[in-house]
Amino acid sequence: MASKRVQDIAKNLKELPKQYVQKESKRPIQTSPPSSPIPVVDLHLLSSSHEDEMKKEMERLRTALQTWGFFQAIGHGISSSLLDEVGQLARDFFNLPMEEKQRYSKIGIGGHEDGMEAYGNDIVYSEDQILNWNDRIYLLVTPEEERKLDRWPENPSTFRQILHEYSTKMKEVGDFLLKAMAKLLDLEENYFVSRFGEKATMFVRFNYYPPCSRPDLVLGLTPHSDGGGITILLQDNAVDGLEVLRDGEWVNVPAIPHALLVNLGDQMEITSNGIFKSPVHRAVTNSEKERISVAMFFSPDPKTEISPADELVDTMKSRLYKKVKAEDYIQIFLKNYAQGERTIDWAKV
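Residues numbered from 1 in each chain as written. Predicted model: local features only at pLDDT ≥ 70, side-chain atom pairs only at ≥ 80, totals over all residues. Heavy atoms only, no water.

> Whenever I open this one, the overall build of the protein confuses me. Can you help?
From N to C terminus, the protein includes 8 helices and 14 strands. The C-alpha radius of gyration of the protein comes to 20 Å, within 12% of the 20 Å expected for a compact globule of 349 residues. Taken across its 349 residues, the protein has 52% of its residues classed as buried. Summarising the internal contacts of the protein: among those between residues at least 6 apart in sequence, 76% fall at separations of at least 24. Surface accessibility of the protein: about 16300 Å² in total, with carbon and sulfur atoms responsible for 49%. For the protein, the separation between the mean place of its 43 positive charges and that of its 53 negative charges on side chains is 4 Å. (Helix = DSSP H or I, 4+ residues; strand = E, 2+ residues; numbered from the N terminus. Rg over C-alpha atoms; globule rule 2.2 N^0.38 Å. Buried < 20%, exposed > 50% of the residue type's maximum accessible area, 1.4 Å probe, protein only. Contact = heavy atoms within 4.5 Å. Areas by Shrake-Rupley, 256 points an atom, 1.4 Å probe, with all protein chains shown as cover. Lys, Arg positive; Asp, Glu negative; His and termini not counted. Charge placed at Lys NZ, Arg CZ, Asp CG, Glu CD.)

> Hey, could you run me through the packing of helix 2 (residues 51–68) against helix 5 (residues 159–184) in this one?
Packed helices, taken two at a time, are described by the angle their axes make and the gap between the axes. For the pair helix 2 and helix 5, interaxial distance at closest approach is 10 Å and the crossing angle is 90 degrees. Between helix 2 and helix 5, the angle falls in the class roughly perpendicular. Where helix 2 approaches helix 5, its residues M58, L61, R62 and L65 are matched on the opposing element by A180, M181, K183 and L184. Partitioned by chemical class, the residues of the contact of helix 2 with helix 5 number 6 nonpolar, no polar and 2 charged. (Axes fitted to C-alpha atoms, helices over the stretch in contact; angles between N-to-C directions. Parallel < 35°, antiparallel > 145°, perpendicular 65-115°, else oblique. Nonpolar A, V, L, I, M, F, W, Y, C, P; charged D, E, K, R; others polar.)

> Got a minute to help me understand the packing of helix 3 (residues 80–94) against helix 5 in this structure?
Where helix 3 meets helix 5, the axes come as close as 10 Å, and the angle between the chain directions of the two elements is 130 degrees. Considering the angle they form, helix 3 stands oblique to helix 5. Considering only the axes of helix 3 and helix 5, their crossing is left-handed. Touching L82, L83, E85, V86 and L89 of helix 3 are F159, I162, E165, Y166 and K169, all from helix 5. By residue class, the composition of the contact of helix 3 with helix 5 is 7 nonpolar, no polar and 3 charged. (Left-handed = near helix turned anticlockwise from the far one by under 90°.)

> Even after reading the chapter, I still don't get the environment of E145, so can you show me in this structure?
Looking at where E145 falls in the secondary structure, it is placed in the loop between strand 4 (135–142) and helix 5. Separated by 3.1 Å, the side chains of E145 and K199 make a polar contact. (Polar contact = N/O pair within 3.5 Å; in protein donor to acceptor, adjacent residues only side chain to side chain.)

> Help me out: how do you make sense of the sheet that holds strand 9 (residues 249–252) in this one?
One key point about sheets: their strands pair by backbone hydrogen bonds, in either a parallel or an antiparallel sense. Read across the open sheet, the 4 strands follow the order 6-11-8-9; overall the sheet is antiparallel. Of all strands in the sheet, those bounded by a partner on one side alone are strand 6 (221–224) and strand 9. Averaged over all adjacent pairs, the angle separating strand axes in this sheet is 25 degrees, with direction ignored. Taken together, the 3 bridges between strand 8 (residues 242–246) and strand 11 (residues 281–283) define a ladder with antiparallel strand orientation. Bridging across to strand 11, L242 finds its partner in A283. (Pairing = 2+ DSSP bridges.)

> Looking at this structure, I do not really get helix 2. What am I missing?
For an α-helix, the turn length of 3.6 residues means that residues three or four places apart are oriented alike. The terminal C-alpha atoms of helix 2, which comprises 18 residues, lie 25 Å apart, in line with the 26 Å expected from a rise of 1.5 Å per residue. Taken residue by residue, helix 2 has E57, M58, L61, A64, L65 and W68 as its buried positions. End-on, the buried residues of helix 2 take up no more than an arc of 140 degrees, which puts them together on one face. Exposed side of helix 2, more than 90 degrees from the buried face: D52 and K56 are the residues found there. For helix 2, the secondary structure elements touched by its buried residues are strand 1 (40–42), strand 2 (70–74), helix 5, strand 8 and strand 10 (260–264). (Expected span 1.5 Å × (residues − 1). Arc of directions from axis to C-beta.)

Remember that the coordinates give geometry; whether it matters functionally is a separate question.
Structure follows, in structure tokens:
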């Protein structure tokens with residue numbers, strides 16, 4: 001099923017369409033201040049030649065992954081100018097005329113959207129599904145030979161060049177994080193890199209959240225945990241909107257200029273046998289301002305089987321999750337996400 005672009009709805013809004021109105025129990029409420037600060041980890045210090053400095057930062061990373069499941073990454077080595085270019089790229093694309101953006105949507109037989117890689121909205125599985133207040137463009141960036149370049153915008157003219165450069169830098173950050181996490185679990189440094197495989201995927205999602213006159217009734221993204229391995233998010237520096245569920249309360253995640261938000265997905269929780277956490281989060285809307293974000297999703301080769309690392313299972317710690325093929329997990333995840341259900345619960349032994 002195809003749905004109308006939210007950007008168009010917001011421009012001509014007289015009455016909020018009922019398919020966007022959340023059930024009363026899921027409507028946004030005022031967030032709580034965090035009981036402890038949202039973790040900040042300096043990635044540069046994780047490889048410091050000063051052992052004490054390195055160990056201290058590794059412990060910060062461990063605490064963040066075990067208690068929050070995400071953290072703000074600084075010292076990541078990606079230039080501020082490139083991050084600014086990526087953010088501006090998102091704004092420039094979504095500010096194009098609708099007919100130009102629609103060139104990069106994929107309309108199949110009967111008007112249904114064919115696949116996820118395209119400009120548009122999330123897949124609608126049923127007539128009674130409550131929709132998110134956002135538009136997006138979702139693209140595969142690695143493996144490079146599998147890119148569908150007909151879906152990559154040529155307008156703005158720098159889109160492809162900047163996205164290629166950004167994805168190359170992000171791959172370096174992602175691999176660095178996988179190695180750091182393996183060390184924390186006393187696994188061989190390349191354990192997770194190898195488990196992800198040579199055909200590991202990276203998808204980028206440019207998100208656009210239009211203003212909404214009733215932010216108390218809608219959600220930009222419904223509560224969910226991510227289904228893949230790691231998500232690295234570039235936030236909008238000017239407008240907040242991301243919230244994380246912490247001890248039963250929703251906590252606002254303020255942007256730190258030029259930091260990257262690292263968010264673990266379900267498949268890392270499974271592979272770590274529950275030691276690392278995949279956090280539930282959501283996006284809320286703003287009554288006056290638009291918001292953009294750019295998410296990069298790192299996942300294992302779809303044909304790979306994911307399961308807890310054998311080294312993390314013993315007589316003291318039983319296996320918490322069953323073995324499942326990565327692509328099968330994602331398919332179940334997408335349907336559960338549309339219904340507001342968590343797939344990680346399905347994966348438990």
